[in-house]
Amino acid sequence: MKNLQTLLLLVLMVCPFAGSIAQVRLPQIISDGMVLQRDSKLNIWGWASTGEHVVITWNGKRYRANASAEGKWKTEFPAMKAGGPYSMKIEGKNKIVINDILIGDVWFCAGQSNMVHQMNIHDVTYANDIASANYPEIRQFLVPNSTNLQGPNENLEGGTWNSAVAENVRPFSAVAFFFARKLYEKYHIPIGLINASVGGTPIEAWTSEAGFKEFPAIMETITMNKDTAYVNGINKKVTGESRAQSVDKGLSGPVPWYLEDFIPKEWRTINIPGYWENQGIAEMNGVVWYRKEIELPSSMAGKTAKVFLGRIVDADVMYINGKEVGNTTYQYPQRRYQVPANILKAGKNIFVVKVTNFSGKGGFVPDKPYCIFTDRDTIDLKGYWHYKVGDVFIPKPPPPAGIRAQNQPTSLYNGMVAPLTNYRVKGFLWYQGESNTGRPEEYAALLPDLINDWRHQFGQANAPFIYAQLPNFMEVNYLPSESNWAVLREAQTKALVVPNTAMTVNIDLGEWNDIHPDNKKDVGERMALAARGLAYGENVVFSGPLYQSHSIDGNKMILSFSNTGSGLVTNDGEELGEFAIAGEDKKFVWAHARVEGDSVVVWSDDVPEPRYVRYAWADNPGNPNLYNRQGLPASPFRTD
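Attention here is on the structure that accompanies the text.

Right, let's get into the pattern of salt bridges. In total, this model carries 28 salt bridges according to the counting rule given. For the salt bridge of aspartate 123 with arginine 170, the shortest nitrogen-to-oxygen distance reads 3.5 Å. In this pair, aspartate 123 is assigned in the loop between helix 2 (113-116) and helix 3 (127-131) and arginine 170 in the loop between strand 9 (161-165) and helix 4 (174-187), connecting sequence segments 47 residues apart. Under the relative-accessibility criterion, aspartate 123 is labelled buried at 15%. Across the salt bridge formed by glutamate 596 and arginine 594, the nearest N and O atoms sit 2.7 Å from each other. Its relative accessible area of 40% is what places glutamate 596 among the partly exposed residues. Judged by its relative accessible area of 36%, arginine 594 falls in the partly exposed class. Through salt bridges with shared partners, one network takes in Asp123, Glu167, Arg170 and Lys306.

This is the structure in structure tokens:
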């Protein structure tokens, strides 16, 4: 018996395709429920044993392929019109049947968190859209997060196709869903969404190595990152130099501060929402505990509930009556925690929130809902709470930066895009840029590079590429100022020189206190409008006004625009805002501005010899109200 086992082991070692490896296999994307691109030759590919004959039965015809020496096979189907459902049979040494296949339009959706954000995250804003979702022909394939610094992956690590029906719509990218729904309602053809997006990632991570041939510094980084010993050594050094674990008094005492039987002493008063630096705690990074006794009616006792706490900077853990009900480890999401049954009581309830802040102002961001509610009762949580500092972080030099794979050039392309480049698509949707605002000038080269790289990798040289310009974010500055966000928006606008591209302007859709604004619907629908013009050939105005040129007439500057549609207007009937003007000294002051036909005239009595104009040039311009009559906002710009 032992000799027989040894012989079998030798056979498996000598014959790499023996056993299960010899089975015909398909990429994860080719699976039940998939949407294939209409009016385009279609690729079907996979793996099998060397030289294995593979037969694909599709739409009443049989197609054949032979596996290469590397065990790869590929075949091409003729173009088909929209329709379905169909099934497909793949036979080699085994048989695979794929069911419920639709033919329609497939859009590759990628970017960072604002493309990631699911309908589920915005389930309050879009509760009705979720409840009424019944679109079995709108389908999403959610690509699992994956990185590779060594080179492109051949297959994904998981993922399935799902339809936008009832609760199944919750994991859909909100932007992509509203994009698809608008197109589906217009054309009534199946829409497939391949969602490959990861929060907090730079554009460099999404571009292939071949796309960086003109970027020698990035190529050097790619080469170094392929050395696993180098990467591991850097990360080991970072781990060794990280800060020592501090001690939180709220957790280290005899009775933790979140328990019901804890007796608070010498706690101070503070208001929620608000930052603690604005309420008597000077420039402190650390841990602050918030506590309040909340009276609840008997109708809420024992019920499941939801707690809304808005955004918290940076991390938090929430307890009710000594039980943890939720925690978040970073600052951006709005806190929306589910309270299980049998935690809430009639009368006094102890609410405790532990907040940890690492830099900048800490606490609860204003202008968000703060409440607890059940199906029939709502209790406001805003107002005075009590607080006590649990830990103070001693200022130290930041530790050296490590090598986080998802932030490195090519890493996400290799893990999440490369395995899909054989799959035919209608076009690309891109919503990213926040992670590059620290280096905005580079984006003017990096975005066109990504567009051209993806078109090359997918073998679709002129595929439509539609991208979202960054919306307004952060505090409003009421004086003309510099802005990295404005420079990055400018870089995004410059990419329109690449043929067959479109940019949606979203300068009116952001929120000052949330990098993930709730309004994903208008972003998606503006992208759909752009697709109607760019990809579907409709004669529609799909862009807001774009600065084109200017002339100087005495103390006035006359600005000309493209994409004026049926005319320039203000969207609020007020005087044009957010225009600043300067002379040769480039000292900008606010200006008067008025629409004259398809032009805007700008002037200021303080600048008798104007040379330069800026519009909405800020992180978060206060009132960018220049639009065309089609209701689309003008893109921010500068003439200098």
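Our next topic: the layout of surface pockets. Considering only enclosed or pocket space, the largest pocket measures out at about 720 Å³ in volume. In terms of lining, the largest pocket is formed by 23 residues, of which the most central are Gly199, Gly200, Tyr332, Arg404 and Gln406.

Turning next to helix 5 (residues 216-225). Every buried residue of helix 5 is listed here: Ile218, Met219, Ile222 and Asn225. Down the axis, helix 5 shows its buried residues gathered within 125 degrees of arc, on one side only. Turned more than 90 degrees off the buried face of helix 5, the exposed positions are Pro216, Ala217, Glu220 and Thr223.

With that settled, the discussion passes to the side chain of glutamate 434. Following the sequence through the fold, glutamate 434 ends up in the loop between strand 24 (427-431) and helix 9 (443-458). Here glutamate 434 is buried and forms no salt bridge, its nearest opposite-charge partner lysine 520 lying at an N-O distance of 7.7 Å. Residues contacting glutamate 434, with those up to four places away along its chain left out, are Gln112, Asn114, Leu470, Trp485 and Ile515.

So, on to the nonpolar core. Counting residues in each nonpolar core, the largest one holds 76 residues, and the members touching the most others are Phe108, Trp206, Trp430 and Trp454. Residues within four places of phenylalanine 108 in sequence aside, it is in contact with Ile194, Ala196, Met416, Val417, Leu420, Val425, Gly427, Phe428, Leu429, Trp454 and Phe458. Counting residues in each nonpolar core, the second largest holds 38 residues, with Cys109, Tyr135, Ala164 and Val523 among its members.

Within helix 10 (residues 484-494), 8 of the 11 residues are buried, leaving the element largely enclosed by the surrounding structure. Within helix 10 the residues assigned to the buried category are Trp485, Ala486, Val487, Leu488, Arg489, Glu490, Ala491 and Gln492. Check the buried side of helix 10 and you find it contacts helix 9, strand 25 (465-468), strand 26 (501-504) and strand 36 (637-638). Backbone nitrogen of tryptophan 485 and a side-chain oxygen of the N-cap are separated by 3.3 Å at the start of helix 10; the cap is serine 483.

Ordered in space as 11-23-13-19-16-17, the 6 strands form an open sheet in which the pairing is antiparallel. The open sheet is flanked by strand 11 (268-272) and strand 17 (323-328), the only strands paired with a single partner. Taken pair by pair, the neighbouring strands of this sheet meet at an average axis angle of 30 degrees, ignoring direction.

This part is about the sheet that holds strand 34 (residues 612-615). Read from one edge of the open sheet, 4 strands run 31-30-34-36, paired in antiparallel fashion. Because the sheet does not close on itself, it has two edges, and the strands there are strand 31 (589-590) and strand 36. Summarising the sheet, strand 30 (residues 579-582) and strand 31 pair through 2 bridges and their orientation is antiparallel. Bridged to isoleucine 581 within strand 31 is valine 589.

Let us look at unusual backbone geometry. Residue proline 273 is reached from isoleucine 272 by a cis peptide bond, and omega for that bond is 5 degrees. For proline 273, the location among the structural elements is in the loop between strand 11 and strand 12 (274-275). Note that the residue after valine 313, namely aspartate 314, is joined by a cis bond; omega there is 5 degrees. Mapped onto the fold, aspartate 314 is located in the loop between strand 15 (312-313) and strand 16 (315-320). With phi around 65 degrees, aspartate 367 is a residue other than glycine that occupies positive phi space. Residue position: aspartate 367 is located in the loop between strand 20 (363-364) and strand 21 (371-373). Residue methionine 474 is not a glycine yet carries a positive backbone phi of 80 degrees. Examined against the element boundaries, methionine 474 turns out to sit in the loop between strand 25 and helix 10.

Rules and cut-offs
Residues numbered from 1 in each chain as written. Predicted model: local features only at pLDDT ≥ 70, side-chain atom pairs only at ≥ 80, totals over all residues. Heavy atoms only, no water. Salt bridge = Lys/Arg side-chain N within 4 Å of Asp/Glu carboxyl O. Helix = DSSP H or I, 4+ residues; strand = E, 2+ residues; numbered from the N terminus. Buried < 20%, exposed > 50% of the residue type's maximum accessible area, 1.4 Å probe, protein only. 1 Å grid on protein atoms, 1.4 Å probe; cavity = no way out; pocket = protein on both sides within 12 Å on 5 of 7 lines; lining within 4 Å. Points joined across faces, edges and corners; volume = space filled by probe spheres on them. Arc of directions from axis to C-beta. Lys, Arg positive; Asp, Glu negative; His and termini not counted. Contact = heavy atoms within 4.5 Å. Core = buried A, V, L, I, M, F, W, Y, C linked by side-chain atoms within 4.5 Å. Polar contact = N/O pair within 3.5 Å; in protein donor to acceptor, adjacent residues only side chain to side chain. Pairing = 2+ DSSP bridges. Axes fitted to C-alpha atoms, helices over the stretch in contact; angles between N-to-C directions.

Nothing here speaks to function; it is geometry throughout.
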